[in-house]
Amino acid sequence: MFDTLKNLFSSNGSNALKEVLVDAMLVDVRTKEEFSDGSVKGAVNIPLDQIQQQAAKFKGKKNIIVFCRSGMRSSQAKSILERMGVANVTNGGTWQNVQNQLNK
């Protein structure tokens, strides 16, 4: 797991995230309350506990970036989606990290 976080937050990981951001579905997996306090512009809120029930929303998307407050729930969301057969998922880590990449 450390290597995953290291790759995500290293400059190479940031570059990879920046490339995927171009036409990605942005998914904030925090609770509705957390989402209402602020998130990435254009993101949809699908809380972690609703990922499986909302599976249809991920079909046919070129790229999907999941993110949360610390990167833990987004890591879980990525795993859940991959087990469901969704292969084009990137863990963006924190919502602030994704926002910072969009601002570059």
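Preceding this paragraph is the structure being described.
Note that this is a predicted model, so its numbers are computed, not measured. (Residues numbered from 1 in each chain as written. Predicted model: local features only at pLDDT ≥ 70, side-chain atom pairs only at ≥ 80, totals over all residues. Heavy atoms only, no water.)

A. Region of the structure containing the sheet that holds strand β1 (residues 24-28). Judged by pairing direction, the sheet is parallel, and its four strands sit side by side in the order β2-β1-β3-β4 without closing on themselves. Bordering the open sheet on either side are β2 (44-45) and β4 (89-94), each of which pairs with just one other strand. One ladder, built from two bridges, connects β1 with β2; its direction is parallel. By the bridge assignment for β2, D28 is matched with N45. (Pairing = 2+ DSSP bridges. Helix = DSSP H or I, 4+ residues; strand = E, 2+ residues; numbered from the N terminus.)

B. Region of interest: the pairing of strand β3 (residues 63-68). The element β3 is extensively covered by neighbouring structure, given that six of its six residues are classed as buried. The alternating pattern of β3 places N63, I65 and F67 on one face and I64, V66 and C68 on the opposite face, and all of these are buried. Bridge count for β1 against β3 is five bridges, and the pairing is parallel. Counted as the bridge partner of L26 is I65 from β3. Of the strand pairs in this sheet, β3 and β4 are connected by five bridges, and their pairing is parallel. Following the sheet pairing, V66 is matched in β4 by N91. (Buried < 20%, exposed > 50% of the residue type's maximum accessible area, 1.4 Å probe, protein only.)

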